[in-house]
Amino acid sequence: MKRDECFRILARHVTDEIVIATYSSAVDWLELGERPLNYFSVGAMGLDSSHALGLALGRPDRRIICLQGDGSLLMNLGCLVTIAAVQPKNLIHFVVQNGAYEANGGHPIPNTAVDFAAMARGAGYVQVHAFSDLANFAQQAGHVIKQDGPVFATLHVEPSKPLTYDYPNLYDAGRRAALKAALQQ
Amino acid sequence: MATDALLEPDEKIRLKGSAIVAAIKASKIEFVLSVPDIVTSEGLLRPIARDPQLRLIRVCKEDECIGIASGLYYCDKRALSLIQYTGFLDSINAIRGVAVEYRQPICMMIGLLGHDPETTPRNSPRYGVRIIEPILDAMGIPHHLINDDGDVGKIRPAIDDAYAASHPVALLIGRRPSS
């Protein structure tokens, strides 16, 4: 399965959730449309899951979906332990595992066979999933994002088509202002 | 209680931990994000862990604090990152990207391990401490030295200003606060 296919399926179930995405995941998620409750955390690789935890703590009334790349999670593996210790019921943590630093030349991550789901389970996530079949993900996605968390799900994906990274657009301060305004309503 | 290797048995208390905790609470801080630091372990972190008015989030690595504080900021919740200067140095890219370039009120309380409080951080005997203020200056981050009880009054205005003007701030703890 491919990342953009998974995201199209996920988008069918997303309503008022806050979605945090970085790098390639942010590009593919933005392709599906603008929404003020998107937060594209680019510039400090790996922190997307920590941003997600902050949002989950700050707004326990909302569900938070983090779309993190495997390279990003590798830069912040400790977040799995921190999140599991806090036990935010409203946090759904996806890692998109394509085995590559896609935004930095497509070089492989140090161990492409790393089992993130096992790490999340060991850290103490309440619900842990791993998907490699698109039909199965399509069947389960709606259920996964409604579970009491912290929820972790690995999406094992193939490399995607070459992406264009419009960082000025992703970084745009207007997006962050829109998110803050949306959360104050 | 851990042995306090830096505080001599007969050393007069010059910085009360209870006063700093009171200033943190007066600054409307709700969340304290921390990796333990021996400078602030007994005087700040342990009482904060017991304080029902503050929610302590223990993180594995200091840069997590920057992301979590940012997420809380979007929800209008104030946070303080309680870390050692080594953790600050390790988090420079996160601070650069999230706090400085995104102009977010990331508030850091940084223990200066190995600093001699009788001198200034720029003249500290410890290389790692000597470079902290120049780095903060280069990044354009306001900083305040909290060295004795007379400095505690700087904390609330510094945090209020960070949130009012949306910029990071660093509060440098120059000696071990009393427990």
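Everything numeric here is computed off the predicted structure, so don't read it as measured data.

Parameters at a glance
- Residues numbered from 1 in each chain as written.
- Chains lettered and ligands numbered in written order.
- Predicted model: local features only at pLDDT ≥ 70, side-chain atom pairs only at ≥ 80, totals over all residues.
- Helix = DSSP H or I, 4+ residues; strand = E, 2+ residues; numbered from the N terminus.
- Rg over C-alpha atoms; globule rule 2.2 N^0.38 Å.
- Buried ≥ 20, exposed ≤ 12 C-beta atoms within 10 Å, placed from the backbone.
- Contact = placed C-beta atoms within 7 Å.
- Nonpolar A, V, L, I, M, F, W, Y, C, P; charged D, E, K, R; others polar.
- Pairing = 2+ DSSP bridges.
- Axes fitted to C-alpha atoms, helices over the stretch in contact; angles between N-to-C directions.
- Parallel < 35°, antiparallel > 145°, perpendicular 65-115°, else oblique.
- Left-handed = near helix turned anticlockwise from the far one by under 90°.
- Core = buried A, V, L, I, M, F, W, Y, C linked by C-beta atoms within 7 Å.
- Right-handed = clockwise from strand over helix to strand, strands pointing away.

> Quick question: what am I supposed to make of the overall build of chain A here?
Within chain A, the secondary structure is distributed over nine helices and eight strands. The C-alpha radius of gyration of chain A comes to 15 Å, within 12% of the 16 Å expected for a compact globule of 185 residues. For chain A, the C-alpha atoms occupy an extent of roughly 45 × 35 × 30 Å along the three principal directions. When burial is assessed residue by residue, chain A has 45% of its 185 residues classed as buried. Nonlocal contacts in chain A, meaning residues at least 24 apart in sequence, comprise 75% of its contacts between residues at least 6 apart.

> Just to check I follow, could you spell out the interface of chain A and chain B for this structure?
Often, the extent of an interface is quoted as the loss of accessible area on bringing the components together. Counting residues at the interface gives 23 residues for chain A and 24 residues for chain B. Per-element accounting of the side of chain A that touches chain B gives the leading share, eight residues, to helix α3 (residues 48–58) of chain A. Class assignment of the residues belonging to the side of chain A that touches chain B gives a composition of 12 nonpolar, eight polar and three charged.

> Hey, could you run me through the sheet that holds strand β2 (residues 38–40) of chain A in this one?
Strand pairing in a sheet takes place through backbone hydrogen bonds and is either antiparallel or parallel in direction. All names here are of chain A. If you trace the six strands from one edge of the open sheet to the other, you get β2-β1-β3-β4-β8-β7, paired in parallel fashion. Every other strand in the sheet has two partners, leaving β2 and β7 (127–131) as the edge strands with one partner each. If you compare each strand with its neighbour and ignore which way they point, the axes differ by 15° on average. Strand direction decides the pairing type here: β7 and strand β8 (residues 151–156), joined by five bridges, are parallel. When the bridges of β8 are listed, Gln127 appears paired with Val151. Along the sheet, α3 makes contact with β1 (18–21), β2, β3 (64–69) and β4 (91–97), crossing β3 at roughly 175°.

> Is there a simple way to explain the packing of helix α5 (residues 78–86) of chain A against helix α6 (residues 116–123) of chain A in this structure?
Packed helices, taken two at a time, are described by the angle between their axes plus the distance between the axes. Residue and element names in this part refer to chain A. As a packed pair, α5 and α6 sit with axes 8 Å apart at the nearest point and diverge in direction by 40°. One element, α5, and the other, α6, form an angle in the oblique class. Here α5 and α6 pass one another in a crossing that is right-handed. Residues Leu80, Val81 and Ala84 of α5 form the contact with α6, whose own contacting residues are Met119, Ala120 and Ala123. Here the contact of α5 with α6 is built from residues that sort into six nonpolar, no polar and no charged.

> Explain the nonpolar core to me, please; I cannot follow it from the model alone.
Looking at soluble globular proteins, one finds that nonpolar side chains tend to be buried together. Residue and element names in this part refer to chain B. Of all hydrophobic cores here, the largest spans 103 residues; its most connected members are Ile110 and Leu171. Looking at which element gives the most residues to this core, the answer is helix α3 (residues 62–74), with seven residues. Every residue in contact with Leu171, bar those within four places of it in the chain, is listed here: Met108, Met109, Ile110, His144, Ile146, Ile155 and Ala158.

> Help me understand the sheet that holds strand β6 (residues 169–173) of chain B, please; the structure alone is not making it clear to me.
Residue and element names in this part refer to chain B. One open sheet accounts for six strands, arranged β2-β1-β3-β4-β6-β5; its pairing is parallel. Looking along the sheet, the strands with just one partner apiece sit at the ends: β2 (55–58) and β5 (143–146). Taking the axes of each pair of neighbouring strands and ignoring which way they run, one obtains an average angle of 20° across the sheet. Sheet topology places strand β1 (residues 29–34) next to β2; four bridges connect them, and they run parallel.

> What exactly am I supposed to notice about helix α5 (residues 92–101) of chain B here?
Since the α-helix packs 3.6 residues into each turn, any two residues three or four apart lie on the same face. Residue and element names in this part refer to chain B. Within the sequence span of α5, burial applies to Ala94, Ile95, Gly97, Val98 and Ala99. Residues of α5 that are buried in the fold lie against α3. Positioned one or two residues after α5, Arg103 has a phi angle of 50°, which is positive.

> Sorry if this is basic, but what is going on with the pairing of β1 of chain A here?
A regular strand places its side chains on the two faces of the sheet in alternate fashion. Residues and elements named next belong to chain A. Alternating positions in β1 separate into two faces, Ile18 and Ile20 on one and Val19 and Ala21 on the other, with burial throughout. Relative to β3, β1 runs parallel, the two sharing four bridges. Across the sheet, the residue bridging to Ile20 is Cys66, located in β3. Two elements, β1 and β2, share three bridges in a ladder whose sense is parallel. When the sheet's bridge partners are listed, Ile20 is paired in β2 with Tyr39. With helix α2 (residues 23–30) bridging β1 and its parallel neighbour β2, the resulting β-α-β unit is right-handed.

> Could you clarify how one ought to interpret the environment of Ser41 of chain B in this entry?
Inspection of the secondary structure puts Ser41 of chain B in helix α2 (residues 41–50). Measuring from C-alpha to C-alpha, the distance between Ser41 of chain B and Ser179 of chain B comes to 8.7 Å, with 138 residues separating the pair along the chain.

> I'm lost on unusual backbone geometry in this one. Help?
Leaving glycine aside, a negative phi is the common case for residues, and trans is the common case for peptide bonds. Residues and elements named next belong to chain A. Cis geometry is adopted by the peptide bond preceding Pro150, which originates at Gly149 and carries an omega value of 5°. For Pro150, the position within the fold is in the loop between α7 (134–144) and β8. At Tyr23, a residue that is not glycine, the phi angle is positive and equals roughly 45°. Position of Tyr23 among the secondary structure elements: in helix α2. Owing to 26 C-beta atoms within 10 Å, Tyr23 belongs among the buried residues under this scheme.

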